[in-house]
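Here's the letter readout for the chains.
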Amino acid sequence: MRKFIIILLISISFGNDELDSIIFSQFQKFIKKFNKKYSSINEYLTRFQIFKNNVIETFSKEETSYKTGITRFFDLTRQEFNKKYSKLIYNSLPSTNFESFIINNKNEAPPEFDWRDKNVVTPVGDQLECGSYYAFSAIGNLEGLYAINKNILKQFSIQMIIDCDTYDASCNGGIMEYVFNWIKDNGGINYEEDYPFNGYKRSCRKIKEKYSDMKILGYKILGKQTPTWWAIADENDMKEFLYQNGPLSVVFNNYPLYNYVSGIIDVAEEKCPINEINHSGLLVGYGTDSNTGLDYWIVKNSWGTYWGDKGYFKIRRGNSTCGINYYVISAVVGFDN
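Q: Is there a simple way to think about empty space enclosed by the protein in this case?
A: Over the atoms rolls a probe the size of a water molecule, and its path tells where empty space is left. Summed over the entire model, instances satisfying the criterion amount to one cavity of 30 Å³ or more. The space that makes up the largest cavity amounts to roughly 50 Å³. Forming the walls of the largest cavity are Asn 54, Glu 57, Thr 58, Lys 61, Arg 78, Tyr 258 and Asn 259. In terms of residue count, helix H3 (residues 41-60) provides more of the lining of the largest cavity than any other element does, three residues in total.

Listed below in structure tokens is the structure:
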């Protein structure tokens, strides 16, 4: 890849006629890696042109705080990407019935922490082309709480949320508190093994006799609600909330994730506006980079392990980067036994 980048940059700088050939070679590798299939020659050529534009745009830019590269989205325009992967529903119904999380011990959290080290985070999933990231985020929170309380890692059914949850919009987006409310009102949720994921909406087929023994009692949001946003959290309090509670559901603007590969996302607000929050994930840890001194959050995404840092990304902590602290929520749970 490094050799490809060097040749590409030289080709761009000097108008090398070999540019198309170089990028086309990468396009063929891209198709094979991500199992892309196109319905016609015209679509193939259209996707190649989009791929080419994305490659040139990405590798022509100045270096950032994080590494960029070719991702599974490079045959999509930004508009197509936003339409498919940015459908968060956050302003249709304001939060009114939630409990604020109170930070009792503000100096309890260590300088670095990662819930993955405690065996309470399930493997990274892939939402495919279904806008169900809100379900991945909410279910990830529940899985963490279950593991912490029961000392066993179990996966819950995201497909059940896609098929049965009438409070959200299935593959067209949703929000985590609606998921918690629906599971609470429904009386439970199935495990992944009983109701497996397939990535598109089907008819609802609940298996009540196999519901988990975990029940949703409510949910807590960190911060004070405002007329415009759910509740903006202090990021020092977020650190304590994460450490004291478990993995947390969060929202953010996913603009930098389009070509993200690794490193810490540290961008100015004008490049990642908080008023364009459009995605959600699972906050699993935090730390400080030893080379740059940047504090960061670790977030689990729902785009598979071939995206980002094995399905995760890091984002700057302490600067409201991309709105990472604008909605921090966790379910409150209980158990039958």
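Q: How do you make sense of the layout of surface pockets when you look at a structure like this?
A: Roughly 490 Å³ of volume is contained in the second largest pocket. In terms of lining residues, the second largest pocket is bounded by 21 residues, among which Phe 34, Lys 36, Arg 72, Tyr 85 and Glu 129 are the most central. The set of elements that each furnish at least two residues to the lining of the second largest pocket consists of H3 and helix H4 (78-85). Counted by class, the lining of the second largest pocket contains eight nonpolar, three polar and ten charged residues.

Q: What's the story with the environment of Ala 231 in this structure? I'm lost.
A: With respect to the secondary-structure elements, Ala 231 resides in the loop between strand E4 (214-221) and helix H8 (235-245). On the basis of relative accessible area, Ala 231 is assigned to the buried category, the value being 0%. C-alpha of Ala 231 to C-alpha of Tyr 327: the two residues are 96 residues apart in sequence and 5.8 Å apart in space.

Q: What am I meant to see in the pairing of strand E7 (residues 279-288) here?
A: A regular strand carries its side chains on alternate faces of the sheet. By the criterion of burial, E7 is predominantly enclosed, with nine of the ten residues buried. Pairing analysis gives two bridges linking strand E3 (residues 113-114) to E7, with the strands arranged antiparallel. In the sheet register, Phe 113 faces E7, and the bridge partner there is Tyr 286. With five bridges connecting them, strand E5 (residues 248-252) and E7 associate as antiparallel partners. By the bridge assignment for E7, Val 251 is matched with Ser 280. Pairing of E7 with strand E8 (residues 295-300), which is carried by six bridges, proceeds in the antiparallel orientation. From the neighbouring strand, Leu 282 faces E8, where its bridge partner is Lys 300.

Q: I keep staring at the environment of Ser 86 and nothing clicks. Help me out?
A: Within the secondary structure, Ser 86 sits in the loop between H4 and strand E2 (99-100). Ser 86 gets classed as buried once you look at its relative accessible area, which sits at 17%. Taking the C-alpha atoms as reference points, Ser 86 and Gly 173, 87 residues apart in sequence, are found 7.9 Å from one another. Only 3.2 Å separates the side chain of Ser 86 from the side chain of Asn 254, close enough to count as a polar contact.

About the criteria used
Residues numbered from 1 in each chain as written. Predicted model: local features only at pLDDT ≥ 70, side-chain atom pairs only at ≥ 80, totals over all residues. Heavy atoms only, no water. 1 Å grid on protein atoms, 1.4 Å probe; cavity = no way out; pocket = protein on both sides within 12 Å on 5 of 7 lines; lining within 4 Å. Points joined across faces, edges and corners; volume = space filled by probe spheres on them. Helix = DSSP H or I, 4+ residues; strand = E, 2+ residues; numbered from the N terminus. Nonpolar A, V, L, I, M, F, W, Y, C, P; charged D, E, K, R; others polar. Buried < 20%, exposed > 50% of the residue type's maximum accessible area, 1.4 Å probe, protein only. Pairing = 2+ DSSP bridges. Polar contact = N/O pair within 3.5 Å; in protein donor to acceptor, adjacent residues only side chain to side chain.

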